[in-house]
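# Observations on the three-dimensional arrangement
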Amino acid sequence: MQKERQNNIELCRVCVMLFIVVHHCIVSGLGLNETLNNGGECFSSSTICLISMNAFVIISVNVFFLISGYFGIKLRAQKMKKLLEEVLFYSVAIYAVCVLVGVESLTFKNILKYTILSINNYWFVIVYVALMFVSPALNYAADYLKENNCEVQGLGIMFFCLCVYGYVFSNGFSEYIGINNGYSLIFASFLYITGRVIHEKESVIKQRMNFSRSAIAYITSSVIISGGGILLAYYNRGTLAWKLYSYNAPLVYISSLCFFIMFLNYASQGKAARILGKLGKDVFGVYLIHTMPLIRPYRYFIAKWLTEKSPMAMFPIIIIIYCVILFAICLLISHTRNRFVSRSKI
């Protein structure tokens, strides 16, 4: 099931993890989530900038699940043990540092929270671990679709249920079966099966969607999401604008597919691409570090201060530069930790 690492896909991992850092900066650090959902005036030049940028990076989590499906998950105790050890390592290490510098207290409740219960701090990890457990059934379902030559029909039905009906009626059908705007195992399973189908149909997909076409489709769908968000914000429909960024939104799903297919078509021949591709295995640590609850209050305060002191035209530059620096620091920590662990096992 597992394939050898491919530089283009590993480069895709690096890019989408950077996108996640940017996304969190936009929605949490700079307050797009609060701005669109506070029920008041939500249209401003800064909001337009954040809405536009977020439309291009919202695909990141979906792409990670597509990659998992593309390579396939084989349920192994060793792999799960390695994942949970990494979660525990960063949780304990960050908590210990916070205790030593005096920003967090040493209590029994906190010790439990940041040790044996540390996985509860990461929704993505919870869903991914659950996905690992159900992967044999999902692999069987993907094989069934392939054997009966009905991959497109199967994905079409799931797309309608989860991304159309389940998206539009998010307070009824979606709520009862747990779609949760895409923050769920059921939607991750759909993305996983999509990734399996892409793997099986890769040659056909590449013929119909080359790099240019997939790039244009990704940019076009992102622009449409952005335009819809800006229009809704203009009419003070912030909650509806925010809904456009649900992971199971039809255009977000389509944009995610196009972005992933774009990298499938990318020939990573350059030295820089190969080097970055090798860092793909280290990006999980970036997620664990910068989304750790004890880090969240501090991770973007400098970016927020800089944007408050700068003209709106500088927003994209400030956000990108700051997030690249934060990403690089977290990636260096993760790479160092992974090299130490790999050497200690020799």
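In this report, the structure presented in the accompanying data block is examined. Keep in mind it's a predicted model, so treat the numbers as computed, not measured.

### Overview of the state of the cysteines
Under the criterion given, the structure shown has zero disulfides. Free of any disulfide, Cys323 has its nearest cysteine sulfur in Cys25, 3.9 Å distant. No disulfide involves Cys330; its sulfur sits 10 Å from that of Cys323, the nearest cysteine.

### Here we look at the layout of surface pockets
Here the largest pocket defines a volume of roughly 1300 Å³. If you go around the largest pocket, you meet 47 residues; those closest to its centre are Arg13, Leu83, Tyr128, Lys281 and Phe284. Broken down by secondary-structure element, the contributors of at least two residues to the lining of the largest pocket are α1 (7–29), α4 (60–71), α5 (77–101), α7 (123–147), α16 (283–290) and α18 (315–344). At eight residues, α1 tops the list of elements feeding residues into the lining of the largest pocket. Looking at the lining of the largest pocket, its residues break down into 20 nonpolar, 12 polar and 15 charged. Approximately 550 Å³ is the volume attributed to the second largest pocket. Around the second largest pocket, the lining comprises 19 residues; the ones closest to its centre are Val152, Leu155, Val197, Lys201 and Ile205. Put simply, the parts of the chain that give the lining of the second largest pocket at least two residues each are α8 (151–168), α10 (185–200), α11 (202–208) and α14 (250–264). When grouped by side-chain class, the residues that make up the lining of the second largest pocket number 12 nonpolar, four polar and three charged.

### Remarks on empty space enclosed by the protein
Throughout the structure, instances matching the rule amount to one cavity of 30 Å³ or more. In this structure, the largest cavity encloses a volume near 50 Å³. What lines the largest cavity is Ala142, Asp143, Lys146, Glu151, Arg196, Val197 and Glu200. Of all the secondary structure elements, the ones that give two or more residues to the lining of the largest cavity are α7 and α10.

### Quick word on the packing of aromatic side chains
One pass over the full model with this rule turns up 29 aromatic pairs. Here Tyr70 and Phe71 contribute two aromatic rings whose centre-to-centre distance is 5.2 Å and whose plane-to-plane angle is 80°, an arrangement assigned as edge-to-face. Tyr70 gets classed as buried once you look at its relative accessible area, which sits at 0%. A centroid spacing of 6.4 Å and a plane angle of 20° characterise the contact between Phe284 and Tyr287, whose relative ring orientation is stacked. Separated by three residues within a single helix, Phe284 and Tyr287 lie in helix α16, roughly one turn from each other. You can call Phe284 buried: its relative accessible area is 19%. On the accessibility criterion, Tyr287 (7% relative accessible area) is buried. Members of the aromatic cluster, each reached through a chain of ring pairs, are Phe64, Phe65, Tyr122, Trp123, Phe124, Tyr128, Tyr183, Tyr247, Phe284 and Tyr287. Lying over the aromatic face of Tyr167, Lys243 brings its terminal NZ or CZ to 4.5 Å of the ring centre.

### A look at the side chain of Ser184
Structurally, Ser184 is set in the loop between α9 (173–177) and α10. From its side chain, Ser184 meets the backbone oxygen of Ile179 in a polar contact 2.8 Å long. Apart from the residues within four sequence positions on either side, Ser184 is in contact with Trp123, Val127, Gly178 and Ile179.

### Description of a positive patch on the surface
Taken together, the side chains of Lys278, Lys281, Arg339 and Arg343 make up a positively charged region of the molecular surface. The residue Lys278 is located in helix α15 (residues 271–278) in this model. What makes Lys278 exposed here is its relative accessible area of 58%.

### Some details on the pattern of salt bridges
With the rule as written, the count across this model stands at seven salt bridges. In this structure, the salt-bridge partner of Glu151 is Lys201, at a minimum N-O distance of 3.9 Å. Placement of the pair is Glu151 in helix α8 and Lys201 in the loop between α10 and α11, with a sequence separation of 50 residues. Judged by its relative accessible area of 4%, Glu151 is buried. You can call Lys201 partly exposed: its relative accessible area is 28%. We note a salt bridge from Arg196 to Glu200, for which the minimum N-O separation is 3.8 Å. Here Arg196 and its partner Glu200 are both found in helix α10, four residues apart, which amounts to about one turn of the helix. Under the relative-accessibility criterion, Arg196 is labelled buried at 6%. Linked through salt bridges whose partners overlap, the residues forming this network are Lys146, Arg196 and Glu200.

### Points about the nonpolar core
In this structure, Phe65, Val125, Phe259 and Phe260 are the most contacted members of the largest nonpolar core, which totals 104 residues. With 13 residues, the top contributor of residues to this core is α1.

Quick notes on the rules
- Residues numbered from 1 in each chain as written.
- Predicted model: local features only at pLDDT ≥ 70, side-chain atom pairs only at ≥ 80, totals over all residues.
- Heavy atoms only, no water.
- Disulfide = S-S within 2.5 Å.
- 1 Å grid on protein atoms, 1.4 Å probe; cavity = no way out; pocket = protein on both sides within 12 Å on 5 of 7 lines; lining within 4 Å.
- Points joined across faces, edges and corners; volume = space filled by probe spheres on them.
- Helix = DSSP H or I, 4+ residues; strand = E, 2+ residues; numbered from the N terminus.
- Nonpolar A, V, L, I, M, F, W, Y, C, P; charged D, E, K, R; others polar.
- Phe/Tyr/Trp six-rings, centres within 6.5 Å; stacked < 30°, edge-to-face > 60°.
- Buried < 20%, exposed > 50% of the residue type's maximum accessible area, 1.4 Å probe, protein only.
- Lys NZ or Arg CZ within 6 Å of the ring centre and 35° of its normal.
- Polar contact = N/O pair within 3.5 Å; in protein donor to acceptor, adjacent residues only side chain to side chain.
- Contact = heavy atoms within 4.5 Å.
- Patch = residues over 30% accessible without salt bridge, like charges linked within 9 Å, V, L, I, M, F, W, Y side chains within 5 Å.
- Areas by Shrake-Rupley, 256 points an atom, 1.4 Å probe, with all protein chains shown as cover.
- Salt bridge = Lys/Arg side-chain N within 4 Å of Asp/Glu carboxyl O.
- Lys, Arg positive; Asp, Glu negative; His and termini not counted.
- Charge placed at Lys NZ, Arg CZ, Asp CG, Glu CD.
- Core = buried A, V, L, I, M, F, W, Y, C linked by side-chain atoms within 4.5 Å.

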